[in-house]
Amino acid sequence: MHGVCGPWARSWACTHKERRGETPVKIPQEKVATELAAVGYIPDRDLATAVWLMDSLKRPLLLEGEAGVGKTEVARALALAHDTRLIRLQCYEGLDQSAALYEWNYQRQLLAIKAREGTDASQVEEHIFSETYLLERPLLAAIRQDKAPVLLIDEVDRADEEFEAFLLELLSDFQVSIPELGTITATTIPRVILTSNGTRELSDALRRRCLYHYVDYPDVDREARIILSRLPGIDTDLALQIANMVSLIRKEELRKTPGVAETLDWAATLAGLDIRHLRDEPEAVHETLMCLIKTAEDKSRMTREVSDRLLGKVA
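Now for a look at the structure at hand. (Residues numbered from 1 in each chain as written. Predicted model: local features only at pLDDT ≥ 70, side-chain atom pairs only at ≥ 80, totals over all residues. Heavy atoms only, no water.)

1. Description of unusual backbone geometry
Thinking step 1. One non-glycine residue, Lys58, adopts positive backbone phi at about 55 degrees.
Thinking step 2. With respect to the secondary-structure elements, Lys58 resides in the loop between helix H3 (45–57) and strand S1 (61–64).
Thinking step 3. We note that Phe174 has phi near 50 degrees; this positive angle belongs to a residue other than glycine. (Helix = DSSP H or I, 4+ residues; strand = E, 2+ residues; numbered from the N terminus.)

Shown next as C-alpha cells:
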C-alpha cells in the first residue's frame with residue numbers, strides 16, 4: 001500500500017499545493033462590497049472582509065471608531081442588502097434588562113386581574129403571565145424573528161459593565177430565561193453589529209466574543225464614491241473636490257471632526273446651489289461650512305482665511 005496515492009490523497013495534495021501559494025485563496029469580500037454598494041454603503045476592503053467573516057462564522061461584529069464614521073450605517077445597509085428587519089438597541093448609562101430584553105404589560109395585567117376577581121388565583125396568575133401580556137424589547141425580538149434580522153447594539157460603551165456581562169450571556173447562547181415562561185431559544189440567529197465610540201474600555205470578555213474592526217474616516221476617493229452613491233445627480237468633479245476639502249478640514253484642530261453625514265449635507269447644499277468648482281465660489285464655500293462645523297469653538301477657528309487656505313490645496 002505504500003506509495004499508492006488514492007483520490008483523497010491527491011485531493012489533499014492539490015489543496016496543499018494551492019495553499020503553498022501556487023493558486024492563492026481568494027476571500028470573497030468583493031461580493032460583500034458589491035452587495036453593500038448596491039444599497040448605498042461603500043465599504044473599504046477590510047470592512048467587507050469583516051462583514052464576510054461575521055456571516056461565515058456567525059459571530060457578532062464589534063465596530064469601533066469616532067462618531068460619524070458610518071458604523072451604524074453598516075447595520076442599516078446589511079438589513080437592506082439581505083432584505084430583512086433592522087432591530088436597534090440604543091445603549092445608555094443605566095440600561096437594564098427590562099428595557100433591553102422584555103417586560104410585562106403591567107397595566108393590562110391589572111385590568112385582567114380586576115376582570116377575573118373571584119377566579120382561582122393560580123389560574124389568574126397563569127393567564128396574566130402569558131405571551132399576551134409580554135412586551136418584547138429589542139434583544140428578545142431579535143431572536144424570535146422567522147427571518148434572521150440584523151441586531152444593532154449601538155454605542156455599547158455607554159452601557160454599564162453589568163449590562164455588558166448580561167449581553168455576553170445572550171450572545172453566547174442566543175437564548176433567554178423568563179421565569180414565568182421558561183427558556184426561549186432563538187428561532188433564527190441574528191446578524192449582530194455592536195458599535196463603540198470608545199467612551200470607555202470594553203471588557204476583554206466582550207472583545208473575545210466578537211470579531212473586531214476599527215472604522216476610520218474614509219479616504220478621499222472612497223468619500224467621493226459615497227457622495228456619488230447618495231447624491232446620484234452630483235457632478236463627479238465636485239464630489240471629489242468636496243471629499244478633498246473635508247479631508248483637509250478633518251486635519252485641522254477641531255473639537256468635533258465632521259463625519260460622513262455632515263459631508264453629505266454639505267455636498268447636497270453645494271449641489272443645490274449649482275456650484276461646479278469650489279475655488280470659484282470661496283464665499284459660498286465658507287458660508288455653508290456650517291453644515292460641517294458644529295461647535296462655537298470650531299466656528300471661531302474656521303475663519304475665512306482658513307477656509308481660503310484649505311481651498312487653495314483642493315485640486
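2. Focus: the environment of Leu278
Thinking step 1. Residue position: Leu278 is located in the loop between helix H13 (260–272) and helix H14 (282–287).
Thinking step 2. Overall, Leu278 belongs to the buried group, its relative accessible area being 0%. (Buried < 20%, exposed > 50% of the residue type's maximum accessible area, 1.4 Å probe, protein only.)

3. Quick notes on the side chain of Arg191
Thinking step 1. For Arg191, the position within the fold is in strand S8 (residues 191–196).
Thinking step 2. Relative accessible area serves as the criterion here: at 19%, Arg191 is assigned to the buried category.

4. Notes on the pattern of salt bridges
Thinking step 1. A full pass over the atoms with the stated rule returns 20 salt bridges.
Thinking step 2. Note that Arg207 and Glu64 form a salt bridge whose closest N and O atoms lie 3.1 Å from each other. Of the two residues, Arg207 is situated in helix H10 (residues 204–209) and Glu64 in strand S1; the sequence distance between them amounts to 143 residues.
Thinking step 3. Classification of Arg207 as partly exposed rests on a relative accessible area of 23%.
Thinking step 4. Note on Glu64: relative accessible area 10%, which makes it buried.
Thinking step 5. Salt-bridge contacts for Glu103 lead to Arg137; the nearest nitrogen and oxygen are separated by 2.4 Å. Of the two residues, Glu103 is situated in strand S3 (residues 102–104) and Arg137 in the loop between strand S4 (134–136) and helix H8 (138–142); the sequence distance between them amounts to 34 residues.
Thinking step 6. Take Glu103: its relative accessible area is 23%, and that puts it in the partly exposed class. (Salt bridge = Lys/Arg side-chain N within 4 Å of Asp/Glu carboxyl O.)

5. With respect to a negative patch on the surface
Thinking step 1. A cluster of acidic residues, Asp280, Glu281, Glu283 and Glu287, forms a negative patch at the surface.
Thinking step 2. Within the secondary structure, Glu283 is located in helix H14. (Patch = residues over 30% accessible without salt bridge, like charges linked within 9 Å, V, L, I, M, F, W, Y side chains within 5 Å. Areas by Shrake-Rupley, 256 points an atom, 1.4 Å probe, with all protein chains shown as cover. Lys, Arg positive; Asp, Glu negative; His and termini not counted. Charge placed at Lys NZ, Arg CZ, Asp CG, Glu CD.)

6. Looking at the pairing of strand S5 (residues 150–154)
Thinking step 1. Burial of S5 is extensive: 5 of the 5 residues sit out of reach of the surface.
Thinking step 2. Burial along S5 is two-sided: the residues Val150, Leu152 and Asp154 and Leu151 and Ile153 are all buried.
Thinking step 3. Bridge count for strand S2 (residues 86–90) against S5 is 5 bridges, and the pairing is parallel. If you follow Ile87 over to S5, its bridge partner there is Leu151.
Thinking step 4. Relative to S8, S5 runs parallel, the two sharing 4 bridges. Across the sheet, the residue bridging to Val150 is Arg191, located in S8. (Pairing = 2+ DSSP bridges.)

7. Re the sheet that holds strand S9 (residues 211–214)
The strands making up a sheet associate through backbone hydrogen bonding, with each pair oriented either parallel or antiparallel.
Thinking step 1. Here 5 strands make up an open sheet; going across it, the order is S2-S5-S8-S1-S9 and the pairing parallel. Two strands lie at the open edges of the sheet, namely S2 and S9, each paired on one side alone. Direction aside, the axes of adjacent strands within the sheet are offset by 20 degrees on average. (Axes fitted to C-alpha atoms, helices over the stretch in contact; angles between N-to-C directions.)

8. Some thoughts on the nonpolar core
Thinking step 1. Core analysis: the largest hydrophobic core is formed by 38 residues, its most contacted members being Leu139, Leu140, Ile153, Phe163 and Leu194.
Thinking step 2. Mapped onto this core, the elements with two or more residues apiece are S2, S3, H8, S5, helix H9 (161–173), strand S6 (175–178) and S8.
Thinking step 3. Counting residues per element, this core draws most heavily on H9, at 6 residues.
Thinking step 4. With near-sequence residues (within four places) excluded, Leu139 lies in contact with Leu89, Ala100, Leu101, Leu151, Ile153, Phe163, Phe166, Leu167 and Leu170.
Thinking step 5. One finds Ile227, Val246, Ala267 and Leu289 within the second-largest nonpolar core, a separate group that totals 30 residues. (Core = buried A, V, L, I, M, F, W, Y, C linked by side-chain atoms within 4.5 Å. Contact = heavy atoms within 4.5 Å.)

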